[in-house]
Amino acid sequence: MSKCVFAGCFDPFTIGHLDVVKRLSAIFEEVFVVVSKNAGKKLVADGNERFAMVKKAVDIGNVKVVLHEGLLVDFCVKNNVDCIVKGVRNLMDFEYESLQATVNNKLGKTETLFLPCSDELAFMSSSFVREMLSLGRDISAYVPSEILGDVIRLYRQ
C-alpha cells in the first residue's frame, strides 16, 4: 500500500494546502496530513485548534488528519509510510525543504518527494492569510469555506 505524509503547522490551513492534499489523495492509497506541534515556530493557534480546523476542512476518504509532536521520521517509521511529500512554491521553499529532506533521510531512511504548487496558488501561504486578516481584508478566497469562521475568530485577534 502506498502511503505518504503531508506535514505542516498549518497556521492556518489554506486552499493551497487543501489543493496539495487533494492531489496527493489521487496519487497515494493513503495520505496522512500531519499537523505538527513545532516548538521552533511562534504559532497563533495551538495544536488542538489547528488540528480541528484541518480535520474540518479535509473530508477525503483516503486521507487521515493527525496531530503529532516529535520527529516526523518517527511518525513515518511507526506508521510504515513510504515518503514525505513537501509542497513547494518557489526556490526558497525548495532550498529549505531539501535540507529537511536530507535530515529525514539520515534519521529515518525516509524519502521526500517535492510537489510543485498549482500555478494559481504560487502566492498562497499561511503568513499571507494572517497578513490579510491583520489588514482587515477578506480572506474567503484563501481558506476552505468550512473553516473560514474559525480562522477569522482565531487569527483576527
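To be clear, the structure that these remarks concern was listed above.
Summary of the structure given here. The shown structure was predicted, so the numbers you read here are calculated from the model rather than taken from an experiment. (Residues numbered from 1 in each chain as written. Predicted model: local features only at pLDDT ≥ 70, side-chain atom pairs only at ≥ 80, totals over all residues. Heavy atoms only, no water.)

**A short note on the overall build of the protein**
Of regular secondary structure, the protein possesses 6 helices and 5 strands. For the protein, the N- to C-terminal ordering of α and β elements is β-α-β-α-β-α-β-α-β-α-α. Taking 15 Å as the expected radius of gyration for a compact globule of 157 residues, we find that the protein reaches 15 Å, a close match to that expectation. Across the 157 residues of the protein, 46% fall into the buried class. Intrachain contacts of the protein at a sequence separation of at least 6 include 75% that bridge at least 24 residues. By element, 52% of the accessible surface of the protein is carried by carbon and sulfur atoms, the whole surface being about 8600 Å². Of note, the protein has its 19 positive side-chain charges centred 4 Å away from the centre of its 20 negative side-chain charges. (Helix = DSSP H or I, 4+ residues; strand = E, 2+ residues; numbered from the N terminus. Rg over C-alpha atoms; globule rule 2.2 N^0.38 Å. Buried < 20%, exposed > 50% of the residue type's maximum accessible area, 1.4 Å probe, protein only. Contact = heavy atoms within 4.5 Å. Areas by Shrake-Rupley, 256 points an atom, 1.4 Å probe, with all protein chains shown as cover. Lys, Arg positive; Asp, Glu negative; His and termini not counted. Charge placed at Lys NZ, Arg CZ, Asp CG, Glu CD.)

**Focus: the nonpolar core**
Within the largest apolar cluster, 33 residues are counted, with the highest numbers of intra-cluster contacts made by F13, L24, V33, V54, V58 and V151. Considering each element in turn, this core owes the most residues, 4 residues, to helix α1 (residues 15–27). Excluding anything up to four places from it in sequence, V54 contacts F10, F13, V33, V35 and V65. If you look at the next biggest cluster of nonpolar residues, it comprises 9 residues, including A7, F32, L72 and C76. (Core = buried A, V, L, I, M, F, W, Y, C linked by side-chain atoms within 4.5 Å.)

**Topic: the pairing of strand β2 (residues 30–36)**
Counting buried positions over the 7 residues of β2 gives 7, a clear majority of the element. Side chains E30, F32, V34 and S36 of β2 all project onto a buried face; the interleaved residues V31, V33 and V35 project onto the opposite face, where all are buried too. With respect to chirality, the unit in which strand β1 (residues 3–8) leads through α1 into the neighbouring parallel β2 is right-handed. As paired strands, β2 and strand β3 (residues 63–68) are joined by 6 bridges and run parallel to one another. Looking at β3, one finds that V31 is bridged to V63. (Right-handed = clockwise from strand over helix to strand, strands pointing away. Pairing = 2+ DSSP bridges.)

**Considering the packing of aromatic side chains**
Enumeration according to the criterion identifies 7 aromatic pairs in this entry. Between F6 and F10, the aromatic rings sit 5.6 Å apart at their centres with planes inclined by 55°, giving tilted as the arrangement. When sorted by exposure, F6 lands in the same class as F10, which is buried. Ring geometry for F123 versus F128: centroids 5.3 Å apart, planes at 85°, classification edge-to-face. (Phe/Tyr/Trp six-rings, centres within 6.5 Å; stacked < 30°, edge-to-face > 60°.)

**Quick look at the environment of M132**
Secondary-structure assignment places M132 in helix α5 (residues 126–134). What makes M132 buried here is its relative accessible area of 16%. Each C-alpha atom, one on M132 and one on R156, is 9.5 Å from the other, the two residues being 24 residues apart in sequence. When sequence neighbours within four positions are dropped, the list of residues in contact with M132 reads R137, I139 and Y142.

**Looking at a nonpolar patch on the surface**
On the surface, L71, V103 and L107 cluster together to form a nonpolar patch covering roughly 270 Å² of accessible area. Among the structural elements, L107 can be located in helix α4 (residues 91–108). A residue is classified by how much of its surface remains accessible, and L107, at 54% relative accessible area, is exposed. (Patch = residues over 30% accessible without salt bridge, like charges linked within 9 Å, V, L, I, M, F, W, Y side chains within 5 Å. Salt bridge = Lys/Arg side-chain N within 4 Å of Asp/Glu carboxyl O.)

**Looking at the sheet that holds strand β5 (residues 111–116)**
Overall, parallel pairing links the 5 strands, which are arranged β3-β2-β1-β4-β5 in an open sheet. Whereas interior strands pair on both sides, the edge strands pair on one side only; in this sheet they are β3 and β5. Neighbour-to-neighbour, the strand axes of the sheet open up by a mean angle of 30°, direction not taken into account. On top of the sheet, α1 reaches β1, β2, β3, β4 (83–88) and β5; it is set at about 175° to β1, its chief contact. (Axes fitted to C-alpha atoms, helices over the stretch in contact; angles between N-to-C directions.)

Without other data, these values stay purely geometric and don't point to any function.
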